[in-house]
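Read off the chains here:
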Amino acid sequence: MIRFPRLLAALLLVAWLSACSSRQPKPVDPNLSKAEELKRKALQQCRRYRGSLPLLSQRFTETQGRLKAIAAERFVAAMPPLPLDPEEQRLLTIYDQETEQQLYDEAQAAWKRSEAERRQVWEQAKAQRQAAAEQELEQLADQLRSISPDLLQAEPPVRLNQPQLKRYLSCKPENFR
């Protein structure tokens, strides 16, 4: 007699435990929930930066263009002194020819010194403008990365990831599923 109530109690306990365990939610694939969480966060970021992202991406593109333009700049030298006219020189005396040649050589040397100084100043200014543009581009890239690292290409040089940018600019929930 004692065995039957124990057996019945054990069966009831097993039935109750199995019923309780069936009410628990089924374990979700942790990778799936992480992916869903990432998509949800991306949509939140999209909505949060909806107003500032177009201007930020435009400034990024303009700064890239400015960097390319700076890199394409070339130094343009001033006109050197005009060479002596051989016909005119032929009409002069030897002393006058030597004097003209000496004046021309001095003007040529002064022009070379002046151009070397001008070139050095130009190169320094170009380097400063390039460094400022590179710094601005890096700051803009950091701001874009803070919104989403996917907005920029992974490989150098730093540039916008156009498909991801379009996705964020549209900010449609179906683009984040």
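Being a predicted model, the structure only gives us computed values, none of them experimental.

### Overview of the pattern of salt bridges
Thinking step 1. By the definition in use, this model includes 10 salt bridges.
Thinking step 2. Salt-bridge contacts for arginine 129 lead to glutamate 73; the nearest nitrogen and oxygen are separated by 2.7 Å. Of this pair, arginine 129 sits in helix α5 (residues 94-147) while glutamate 73 sits in the loop between α3 (53-72) and α4 (86-91), placing them 56 residues apart in sequence.
Thinking step 3. In this structure arginine 129 comes out as partly exposed when scored by relative accessible area, which is 35%.
Thinking step 4. As a salt-bridge pair, glutamate 87 and arginine 90 come within 3.6 Å of each other at their nearest N and O atoms. You can see glutamate 87 and its partner arginine 90 sitting in helix α4, 3 residues apart, about one turn around the helix.

### Observations concerning the nonpolar core
Thinking step 1. Grouped together as the largest cluster of nonpolar side chains are 19 residues, with contacts concentrated most on Leu53, Phe60, Leu144, Leu151 and Tyr168.
Thinking step 2. Looking at this core, the elements with two or more residues in it are α2 (30-48), α3, α5 and α6 (162-170).
Thinking step 3. Among the elements that line this core, the one with the most residues is α5, at 6 residues.
Thinking step 4. Setting aside residues up to four positions removed in sequence, leucine 53 forms contacts with Leu144, Ile147, Leu151, Leu165, Tyr168 and Leu169.

### Brief notes about the confidence of the model for the chain
Thinking step 1. Of all residues in the chain, 81% attain a pLDDT of 70 or more, and the chain-wide mean is 84.
Thinking step 2. Of all helices and strands in the chain, the one with the weakest mean pLDDT is helix α1 (residues 3-23) (64), whereas α5 scores best (95).

### What about the layout of surface pockets?
Thinking step 1. Taken as a whole, the largest pocket spans an internal volume of roughly 170 Å³.
Thinking step 2. In terms of lining residues, the largest pocket is bounded by Gln64, Lys68, Glu134, Leu137, Glu138, Pro157, Val158 and Arg159.
Thinking step 3. Counting only elements with at least two residues in the lining of the largest pocket, the list comes to α3 and α5.
Thinking step 4. The element best represented in the lining of the largest pocket is α5, accounting for 3 residues.

### Details of a negative patch on the surface
Thinking step 1. On the surface, Asp85, Glu88, Asp96 and Glu100 cluster together to form a negatively charged patch.
Thinking step 2. Along the chain, the position of aspartate 85 falls in the loop between α3 and α4.

### Notes on α6
Thinking step 1. Those residues of α6 that fall on the buried side of the exposure criterion are Gln164, Leu165 and Tyr168. Buried residues of α6 fall within an arc of 100° about the axis and therefore sit on the same side. Residues Pro163 and Lys166 are exposed on α6 and point more than 90 degrees away from its buried face.
Thinking step 2. Two residues or fewer past α6, cysteine 171 is found with a positive phi of approximately 55°.

Parameters at a glance
- Residues numbered from 1 in each chain as written.
- Predicted model: local features only at pLDDT ≥ 70, side-chain atom pairs only at ≥ 80, totals over all residues.
- Heavy atoms only, no water.
- Salt bridge = Lys/Arg side-chain N within 4 Å of Asp/Glu carboxyl O.
- Helix = DSSP H or I, 4+ residues; strand = E, 2+ residues; numbered from the N terminus.
- Buried < 20%, exposed > 50% of the residue type's maximum accessible area, 1.4 Å probe, protein only.
- Core = buried A, V, L, I, M, F, W, Y, C linked by side-chain atoms within 4.5 Å.
- Contact = heavy atoms within 4.5 Å.
- pLDDT = per-residue confidence, 0-100.
- 1 Å grid on protein atoms, 1.4 Å probe; cavity = no way out; pocket = protein on both sides within 12 Å on 5 of 7 lines; lining within 4 Å.
- Points joined across faces, edges and corners; volume = space filled by probe spheres on them.
- Patch = residues over 30% accessible without salt bridge, like charges linked within 9 Å, V, L, I, M, F, W, Y side chains within 5 Å.
- Areas by Shrake-Rupley, 256 points an atom, 1.4 Å probe, with all protein chains shown as cover.
- Lys, Arg positive; Asp, Glu negative; His and termini not counted.
- Charge placed at Lys NZ, Arg CZ, Asp CG, Glu CD.
- Arc of directions from axis to C-beta.

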